[in-house]
Amino acid sequence: MDYTGKVVAITGGARGIGLAMAKAFHERGAKVAIADLDGADEAARALDGYGARVDVTREADIAAFLIQTEERLGPVDVYVSNAGILRTDEPSWDAAGADDKAWHDSFEVNVMGAVRGARQVWPRMKPRGGGIFVLVASAAGLLAQIGASSYSASKHAAVAFAESLAVAHGDEGLQVVCVCPQAVRTDMLGGSEDGGIAGADGIVEPSAVAEAMLAAIENKHFLALPHPKVAEYEALRATQRDRWLGGMRKFRRMMISERGRPV
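Definitions and cut-offs
Residues numbered from 1 in each chain as written. Predicted model: local features only at pLDDT ≥ 70, side-chain atom pairs only at ≥ 80, totals over all residues. Heavy atoms only, no water. Helix = DSSP H or I, 4+ residues; strand = E, 2+ residues; numbered from the N terminus. Rg over C-alpha atoms; globule rule 2.2 N^0.38 Å. Buried < 20%, exposed > 50% of the residue type's maximum accessible area, 1.4 Å probe, protein only. Contact = heavy atoms within 4.5 Å. Lys, Arg positive; Asp, Glu negative; His and termini not counted. Charge placed at Lys NZ, Arg CZ, Asp CG, Glu CD. Expected span 1.5 Å × (residues − 1). Bend = angle between axes of the 7 residues up to and from the residue. Core = buried A, V, L, I, M, F, W, Y, C linked by side-chain atoms within 4.5 Å. Salt bridge = Lys/Arg side-chain N within 4 Å of Asp/Glu carboxyl O. Phe/Tyr/Trp six-rings, centres within 6.5 Å; stacked < 30°, edge-to-face > 60°. Lys NZ or Arg CZ within 6 Å of the ring centre and 35° of its normal. Pairing = 2+ DSSP bridges. Axes fitted to C-alpha atoms, helices over the stretch in contact; angles between N-to-C directions. Right-handed = clockwise from strand over helix to strand, strands pointing away.

Now, about the overall build of the chain: what can you tell me, with residues and values included?
For the chain, the helix and strand inventory stands at nine helices and seven strands. For the chain, the C-alpha radius of gyration of 18 Å lies close to 18 Å, the compact-globule estimate for 263 residues. In terms of principal-axis extent, the alpha carbons of the chain reach across some 55 × 35 × 30 Å. Expressed as a percentage of its 263 residues, the buried residues of the chain come to 51%. Pairs at least 24 residues apart make up 66% of the contacts formed inside the chain by residues separated by at least 6 positions. In the chain, 29 side chains carry a positive charge and 34 a negative one; their mean positions are 2 Å apart.

Below you can see the structure in the form of structure tokens.
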């Protein structure tokens, strides 16, 4: 697709998947606005765009970012909710082992960050006939991330919210794409060379995630799956849940045996 003249706003866009998406849109002619806690201005300057420090747990930050983006670049055509965090089940590695703050932070960023983005950008898109909303979730939102219960739960909620957006506003012109990769070579891997449980089907580069997203937009697909095997796993989970859970328990035992912890 040709994005010449289109305006794309991306949260968590200064590095990793978000930056790869910003570059991919820019290479196709888009004007890019980048929001992040750090490095947004520098990343945006390299793409002749606009950057701002934004905390997605603060709706006022998102609103101000969109206002400034419109003033500097024009109305937003594509909004990418990419900002996300990973909290593990430390220190006990029990499913409920993480403290309340880990759970709160996971939902505030991974779910409510997207909700706040949609709340602010959709009313701007709707009078112009619609737009595109991309939510970067995770394969953990379709399956599970062993050793990271709050992350898995929040990503499941993020996928559900993306589906709700598509159902509620698809007839009004909003195209929703939900991106669900497994392991991606970003800081979230924490230096892991094989990606742990998330890396079972290999680690992909952020640019591959960006390409999967662009393909989903062009083909009008809701899900963008940089790791195609995720679709098979999701089907197994839905149709043979007990078998799937048994397999995940086996995988967890193997991870603990090899690493002393599952992530």
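Lay out helix H5 (residues 112–125) with the relevant residues and their values.
The terminal C-alpha atoms of H5, which comprises 14 residues, lie 19 Å apart, in line with the 20 Å expected from a rise of 1.5 Å per residue. Its maximal kink placed at Arg 119, H5 deviates by approximately 25 degrees, while the proline Pro 123 follows within four residues. Along H5, 10 of the 14 residues are buried, which leaves the element largely enclosed by surrounding structure. Among the residues of H5, those classed as buried are Gly 113, Ala 114, Val 115, Arg 116, Gly 117, Ala 118, Gln 120, Val 121, Trp 122 and Met 125.

An account of the nonpolar core is requested, with residue identities and associated values reported.
Within the largest apolar cluster, 43 residues are counted, with the highest numbers of intra-cluster contacts made by Phe 65, Leu 66, Val 76, Tyr 79, Phe 133 and Leu 135. When sequence neighbours within four positions are dropped, the list of residues in contact with Phe 65 reads Ala 9, Ile 10, Ala 33, Ile 34, Ala 35, Tyr 50, Ala 52 and Val 54. Among the nonpolar cores identified, the runner-up in size contains 34 residues, and Met 21, Ala 40, Ala 43 and Ala 224 belong to it.

Can you explain unusual backbone geometry? Please cite residues and give values.
The omega torsion of the bond from Glu 90 to Pro 91 falls at 0 degrees, within 30 degrees of zero and hence cis. Relative to the assigned elements, Pro 91 resides in the loop between strand S4 (78–81) and helix H4 (100–110). The backbone phi angle of Lys 220 is positive, close to 60 degrees, even though this residue is not glycine. Tracing the sequence through the fold places Lys 220 in the loop between helix H7 (206–219) and strand S7 (223–224). We classify Lys 220 as exposed; its relative accessible area is 63%.

So, the pattern of salt bridges: which residues are in play, and what are the values?
Counted by the stated rule, this structure contains 12 salt bridges. Arg 124 serves as the salt-bridge partner of Glu 70, at 3.2 Å between the closest nitrogen and oxygen. Linking Glu 70 in helix H3 (residues 59–72) with Arg 124 in helix H5, this pair joins segments that are 54 residues apart in sequence. Looking at Arg 124, the relative accessible area reads 22%, which means it is partly exposed. Among the salt bridges present, the one from Glu 232 reaches Lys 229, with a minimum N-O distance of 3.2 Å. Of this pair, Glu 232 and Lys 229 both sit in helix H8 (residues 229–239), three residues apart, roughly one helical turn. Relative accessible area serves as the criterion here: at 35%, Lys 229 is assigned to the partly exposed category.

Any chance you could break down the packing of aromatic side chains for me, citing the residues and the numbers?
Following the criterion strictly, the structure yields three aromatic pairs and no others. Each ring, one from Tyr 50 and one from Phe 65, has its centre 6.1 Å from the other, and the planes form 20 degrees; the classification is stacked. Placement of the pair is Tyr 50 in strand S3 (residues 50–53) and Phe 65 in helix H3, with a sequence separation of 15 residues. Note on accessibility: Tyr 50 and Phe 65 belong to one class, buried. Over the ring of Trp 244 we find Arg 237, and its NZ or CZ is 5.3 Å from the ring centre.

Which residues make up the sheet that holds strand S5 (residues 131–136), and what values do they have?
An order of S3-S2-S1-S4-S5-S6-S7 is seen for the seven strands of this open sheet, with the pairing classed as parallel. Either end of the sheet is taken by a strand with one partner, and the two such strands are S3 and S7. Pairing geometry for strand S1 (residues 7–11) and S4, over three bridges, is parallel. When the sheet's bridge partners are listed, Val 8 is paired in S4 with Val 78. Across the sheet, helix H6 (residues 149–169) lies against S5 and strand S6 (174–179), angled at about 160 degrees from S6, the strand it touches most.

Talk me through the pairing of S1; I want residue IDs and the actual numbers.
Counted residue by residue, S1 has five buried out of five residues, so it is predominantly covered. Residues Val 7, Ala 9 and Thr 11 line one face of S1 and the alternating positions Val 8 and Ile 10 line the opposite face, and both faces are buried. Pairing between S1 and strand S2 (residues 31–36): five bridges, direction parallel. Bridging from a neighbouring strand, Thr 11 pairs with Ala 35 of S2. In this region the chain leaves S1, passes through helix H1 (residues 16–27) and returns to the parallel neighbour S2; the handedness of that crossover is right-handed.

Treat this as a map of the structure, not an account of what it does.
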